[in-house]
Number of protein chains: 2
Amino acid sequence: MASPTRAPRRVGAETSKTRDQLLDCVERLMLDKGYAAVTYRAVAARADVTSGLVQYYFPTLDDLFVAAIRRRGEQNLARVMAALEARADEPLRVLWEFSQEESIASLTTEFLALGNHRKSIRSEIADNTERVREVQLRAVEAKYGEHGIGDGSLSTTAFLFVLTGIPKLIRLEESVGASTAHADAMEAFERYLDALEPAKPAAPTRRKKRVR
Amino acid sequence: MASPTRAPRRVGAETSKTRDQLLDCVERLMLDKGYAAVTYRAVAARADVTSGLVQYYFPTLDDLFVAAIRRRGEQNLARVMAALEARADEPLRVLWEFSQEESIASLTTEFLALGNHRKSIRSEIADNTERVREVQLRAVEAKYGEHGIGDGSLSTTAFLFVLTGIPKLIRLEESVGASTAHADAMEAFERYLDALEPAKPAAPTRRKKRVR
DNA sequence: GTCTATACGGCGATAGAC
DNA sequence: GTCTATCGCCGTATAGAC
C-alpha cells in the first residue's frame, strides 16, 4: 500500500543549478545572521527569486536545512579525508586545525543548535557526526595504532572527542560573549600537540621537552 | 532631550507570584520542546492565562528569556557555591557532577543555543558564565593553590573549562543523536578524578543524598 | 497593579493557476 | 518548471477594563 499521509507534491530536481545557488544563500544567511534568519522570504530575497520558488525546491524548511547539512557534510568529509591523506604523519594536527576553521566550526555549531529541537534534522547530523568520527579514528589509528595516544589514560576515541570538541565548545561560548579560559585551553593543547607530533617529521630529535 | 520613540509602557512587577509561575512554565516548555516552542500563546496555555498577560510581564520574548536565564543563573550559582562549601575537599568532583545534572546541562545548552543569535540575550549568558567561572576558580584554588592541577600541563582555568565543558558537549551531541566516544570520555575523566580526589573513606557520609 | 481585547504584518505551508 | 493566493499561527503594539 502507498504511504498513507504522503501527498504527491511537486519538487524541483536535485540537479538544478538554481537549487544549488539557493543552498549557497542559505549558508551565507546562516553564517551572517544565524539559522533563525533563514526564512523562505529571506533566502528568496538574497537569491533574487520569489519565495514560492524556494518552496518549490524545498517544500518545508526542514527539507531546506537537511539539504544544506548534507551538502556541507559531504564536502567537509571529502576535505578532511584529503587533508588526512596528504599529511598522514600528523593526523592530530590536521584534525585540530580543521576543527578550528571558522566557517566549519560556525556552521557545525549552527547545525548542532538547529538540530537540538528539529527532530527531522537530528538523524542527518548524527549520521554525519558518526561518519566523520570514523574517518578520524581510522586515520589516527593508522599512525598511533591500537595502543592509543599519549599516556594511554584516554582511549583514542575519547581523545579525538576532546581534541575536536574543545574548539567547538570555545566557538560556542565565543558566539555568546564569554572568553575566559579559551586562550589558556588552546595554548595548552597546542603544546601537547607539539609533544606528540613535532613540527618537523624529518628530524626525530628526542631533545624536545616532554609535556606529559 | 527625552528619548524620542520611547513611550511609557506598563509592565508587571518582578515580585508578582504570577510572573514567577510563568517563568516556571517557560522552563518546563524549554526542557520539553526546546526554546523554539516558547511562544506567548504556548506559555499562556500552559499557565492557563491569556497571552496578553504573559506580555504584560514580559513585553518582548527577549525580556522573557532574559528573565528566565537570570533567575536560573542565580539559582545555579547559589547551589554550586553551597555544594563547593559543603564539600570543600573535593571541588573537582563537585563541579564534574554539577556539570552533568540533567536539567542544568539541558537548560544551559538551550540558553547557549538561544543566545547564539539573540543579541539581547548574549550579555546575560556571558555575565553568568564568567560569574560561575570565577566561583569555580576560587573554590579550586582554595584546595589546589596557584600551582595548578595534575602535572601542570593545563592551567587551572583551562582545566576547569575542559572539566565542565565535556559534559556540556556530550549533552549537546546526545540531543542530536550522536553517542560515539561519550562513554569512553566520561569514564576516562572519572578515573582521572579518582586519582586527583580519591573517594572518601568509609566515613558516614550522611549528607550525600542517594539517588535511586 | 493586573489583566483582556483587538489589530497588524510576517511567517511556514498548502493548493492550484500559469 | 515557476509563481500566486490563501490559511492559520506568530510576535508585537495599543487601548482600556477591573
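Values in this document were obtained by computation on a predicted structure and should not be read as measured data.

Engineer: Can you walk me through the interface of chain A and chain B in this structure?
Structural biologist: Accessible area lost upon the coming together of the parts serves often as the stated size of an interface. At the junction of the two partners, chain A supplies 46 residues and chain B supplies 45 residues. Viewed at the interface, chain B and chain A are joined by four salt bridges. The shortest N-O distance in the salt bridge between Arg133(B) and Glu173(A) comes to 2.5 Å. Applying the counting criterion to the chain A and chain B interface returns 15 residue pairs in polar contact (both at pLDDT 80 or more). Elements that contribute at least two residues to the side of chain A that touches chain B include exactly α1 (17–33), α6 (102–115), α7 (119–144), α8 (156–174) and α9 (182–196) of chain A. The leading source of residues in the side of chain A that touches chain B is α8(A), at 11 residues. Residues that form the side of chain A that touches chain B fall into these classes: 21 nonpolar, 15 polar and 10 charged.

Engineer: Got a minute to help me understand the protein's contact with DNA strand C in this structure?
Structural biologist: If you check the shell around DNA strand C, you find 19 residues, and the closest are Arg41(A), Gln55(A), Leu61(A), Arg10(B) and Thr50(B). The sugar-phosphate portion of DNA strand C accounts for 52% of its atoms within 4 Å of the protein, the bases making up the rest. Taking Tyr40(A), its side chain carries an N or O atom lying 3.3 Å from a phosphate oxygen of DNA strand C. Broken down by secondary-structure element, the contributors of at least two residues to the surface near DNA strand C are α2 (40–47) of chain A together with α3 (51–57) of chain B. With four residues, the top contributor of residues to the surface near DNA strand C is α3(B). Each residue belonging to the surface near DNA strand C can be placed in one class, and the counts come to seven nonpolar, eight polar and four charged.

Engineer: What exactly am I supposed to notice about the relation of the copies chain A and chain B here?
Structural biologist: One copy of the chain maps onto the other through a rotation about an axis plus a displacement along that axis. Of the transformation superimposing chain A on chain B, the axial component is 0.0 Å and the angular component is 180°, with the fit at an RMSD of 0.1 Å. Seen this way, the second copy is the image of the first under a two-fold rotation axis. Within chain A, Ala113(A) has its C-alpha nearest the rotation axis, a separation of 2.7 Å. Here 96% of the interface residues in chain A have copies in chain B that are interface residues too; the copies meet face to matching face.

Engineer: Looking at this model, I keep getting lost on the protein's contact with DNA strand D. Mind explaining?
Structural biologist: Near DNA strand D there are 15 residues, and of these Arg10(A), Thr39(B), Arg41(B), Gln55(B) and Leu61(B) occur at the shortest range. For DNA strand D, the backbone portion of the atoms within 4 Å of the protein, that is sugar and phosphate, comes to 42%. Within the contact set of DNA strand D, a base nitrogen lies 2.3 Å away from a side-chain nitrogen or oxygen of Arg10(A). At 3.1 Å from a phosphate oxygen of DNA strand D is found a side-chain nitrogen or oxygen belonging to Tyr56(A). For the surface near DNA strand D, the secondary structure elements donating two or more residues are α3 (51–57) of chain A together with α2 (40–47) of chain B. The class makeup of the residues in the surface near DNA strand D is six nonpolar, five polar and four charged.

Parameters at a glance
- Residues numbered from 1 in each chain as written.
- Chains lettered and ligands numbered in written order.
- Predicted model: local features only at pLDDT ≥ 70, side-chain atom pairs only at ≥ 80, totals over all residues.
- Heavy atoms only, no water.
- Contact = heavy atoms within 4.5 Å.
- Salt bridge = Lys/Arg side-chain N within 4 Å of Asp/Glu carboxyl O.
- Polar contact = N/O pair within 3.5 Å; in protein donor to acceptor, adjacent residues only side chain to side chain.
- Helix = DSSP H or I, 4+ residues; strand = E, 2+ residues; numbered from the N terminus.
- Nonpolar A, V, L, I, M, F, W, Y, C, P; charged D, E, K, R; others polar.
- Near = heavy atom within 4 Å.
- Least-squares fit on C-alpha atoms with pLDDT ≥ 70 in both.

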